[in-house]
Amino acid sequence: QQETQEKTAMSESKQADSQQLQTVLRLDQVRKSYGSNAVLRGISFQVRAHETVALLGPSGSGKSTLMKCINLLEEVNDGQIWLGDTDITNPTVNRDHCRSRIGVVFQQFNLFPHMNVLKNVTLGAIKVHNMPKDEANDKALELLDRIGMRAKASSYPDQLSGGQQQRVAIVRALMCDPELLLLDEITSALDPMLVGEVLEMVAELKTKGTTILMATHEMSFAHDAADRIVLLLNGKIAENGSPREVMDESQNPQTIEFFSHFR
Ligand code: ADP
Ligand code: MG
């Protein structure tokens, strides 16, 4: 019995720990329409420090729109988005500064074809975020080294595979030590053979404690690697829970229908 009590005490303290984890991102009743198309109809959820949250939903359900609102590429119509203690939807906020706190990678490789890898990785940090050039170069080489791509620093994007390009794009997103990493279907345009190496890199970042919000259709990765699943259906959050709760145990007919397409 004592053992049981100890176990209970331990799991309670674990719970207390997780409740103390800082909220990195908080969406509160976010609404976004394009004309009469109400894409986001009151979205609320949080991402806590060191969490990997998978944002799932059918094509056209608003995952990218949500990502763009968080990255201030789109303006919300209503509701708030908090990054740490900053309401980034407040019109008086310094948008560039907010953006520098978030790393973003999109589906299409956004590397500049006429610049080598090192230039691609350091450009934004130097020009937009005023990082000294030497510091940016050192940091870029160190990050490239970690993914075994230091030798490619002077290669051009078209000399790399799609998977390598996408990993370079992730490195670039990490240059300013973002509080949050947004990954928007970063493997969707890849040859299936190259998906694994990119997902492995995401899993590696997760073990390092990076806070990640990723829109994806990679269901087995979401199931095995995400801490939490947020499912977007018809402009609303249909589910927000552990992979097991959402993907295996949900009784919501819409949820079951959605996941049936991936079996
Ligand atoms: P997802 O990323 O989940 O596939 P999107 O966020 O790209 O979904 O799109 C959600 C909806 O918003 C779609 O109906 C799409 O046509 C619409 N939409 C997205 N971007 C724009 C835009 N810039 N102007 C008008 N409609 C848009
Ligand atoms: Mg999208």
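So, how was this worked out
- Residues numbered from 1 in each chain as written.
- Chains lettered and ligands numbered in written order.
- Predicted model: local features only at pLDDT ≥ 70, side-chain atom pairs only at ≥ 80, totals over all residues.
- UniProt positions renumbered as here; feature names shortened; annotations may be inferred.
- Helix = DSSP H or I, 4+ residues; strand = E, 2+ residues; numbered from the N terminus.
- Rg over C-alpha atoms; globule rule 2.2 N^0.38 Å.
- Pairing = 2+ DSSP bridges.
- Axes fitted to C-alpha atoms, helices over the stretch in contact; angles between N-to-C directions.
- Contact = placed C-beta atoms within 7 Å.
- Buried ≥ 20, exposed ≤ 12 C-beta atoms within 10 Å, placed from the backbone.
- Near = placed C-beta within 6 Å.
- Nonpolar A, V, L, I, M, F, W, Y, C, P; charged D, E, K, R; others polar.
- Parallel < 35°, antiparallel > 145°, perpendicular 65-115°, else oblique.
- Left-handed = near helix turned anticlockwise from the far one by under 90°.

An unreviewed UniProt entry annotates the chain as Peptide ABC transporter ATP-binding protein originating from Bombiscardovia coagulans. Here is the UniProt Sequence similarities (unreviewed entry) comment for the chain, exactly as written: "Belongs to the ABC transporter superfamily." You can read under Subcellular location (unreviewed entry) in the UniProt record for the chain the words "Cell membrane".

Please clarify how the overall build of the chain should be interpreted in this entry.
Each helix and strand in the chain was counted, giving 10 helices and 10 strands. Computed over the C-alpha atoms, the radius of gyration of the chain is 19 Å, within 12% of the 18 Å expected from 2.2 N^0.38 for a compact globule of 263 residues. Taken over the C-alpha atoms alone, the chain extends approximately 60 × 55 × 40 Å along its principal axes.

Explanation requested: the pairing of strand E1 (residues 23–34) in the structure shown.
Successive residues of a regular strand alternate their side chains across the two faces of the sheet. When E1 meets strand E2 (residues 37–48), the two strands line up antiparallel, connected through 9 bridges. Along E2, the bridge assignment pairs Lys32 with Leu40. Counting the residues that bridge the hairpin from E1 to E2 gives 2 residues, and of these Gly35 lies at a positive phi of roughly 60°. Sheet analysis places E1 next to strand E4 (residues 78–83), joined by 5 bridges and oriented antiparallel. Opposite Arg26, over in E4, you have Trp82 as the bridge partner.

For this particular structure, what's the right way to read the sheet that holds strand E3 (residues 52–56)?
Across the sheet, which stays open at both edges, the 6 strands sit in the order E6-E7-E8-E3-E9-E10 with mixed pairing between neighbours. Both edges of this open sheet fall to strand E6 (102–105) and strand E10 (236–241), since each of them pairs with a single strand only. Ignoring strand direction, the axes of neighbouring strands in this sheet form an average angle of 15°. Pairing geometry for E3 and strand E8 (residues 212–215), over 4 bridges, is parallel. Residue pairing across strands places Val53 opposite Leu213, the latter belonging to E8. Contacts between helix H2 (residues 63–70) and the sheet are confined to E3, E6, strand E7 (180–184), E8 and strand E9 (228–233), with E7 contributing the most and set at about 150° to the helix.

Would you mind going over helix H4 (residues 117–127) with me for this structure?
Given 3.6 residues per turn, any residue in an α-helix points the same way as the ones three and four places further on. Among all positions of H4, only Val117, Asn120, Val121, Thr122 and Ala125 are buried. Contacts made by the buried residues of H4 are with helix H5 (133–146) and helix H6 (162–174).

So what exactly am I meant to see when it comes to the sheet that holds E1 here?
Spatial ordering of the open sheet is given by E2-E1-E4-E5, a layout of 4 strands whose pairing is antiparallel. Each having just a single partner strand, E2 and strand E5 (86–87) make up the two edges of the open sheet.

What is the right way to read the site of ligand 1 from this model?
Lining the immediate environment of ligand 1, one finds Tyr34, Asn37, Val39, Gly57, Ser59, Gly60, Ser61, Gly62, Lys63, Ser64 and Thr65. For the shell around ligand 1, the secondary-structure elements that each account for two or more residues are E2 and H2. Considering every element that reaches the shell around ligand 1, the biggest residue donor is H2, with 3 residues. Residues of the shell around ligand 1, tallied by class, amount to 2 nonpolar, 8 polar and 1 charged.

Sorry if this is basic, but what is going on with the packing of H6 against helix H7 (residues 192–207) here?
Put simply, H6 and H7 touch, their axes get as near as 8 Å, and they point 20° apart. Overall, the two elements H6 and H7 adopt an arrangement that is roughly parallel. With respect to the hand of their crossing, H6 and H7 are arranged in right-handed fashion. Contact with H6, carried on its side by Gly162, Gly163, Gln166, Arg167 and Ile170, involves Leu194, Glu197, Val198 and Met201 of H7 and no other residues of that element.

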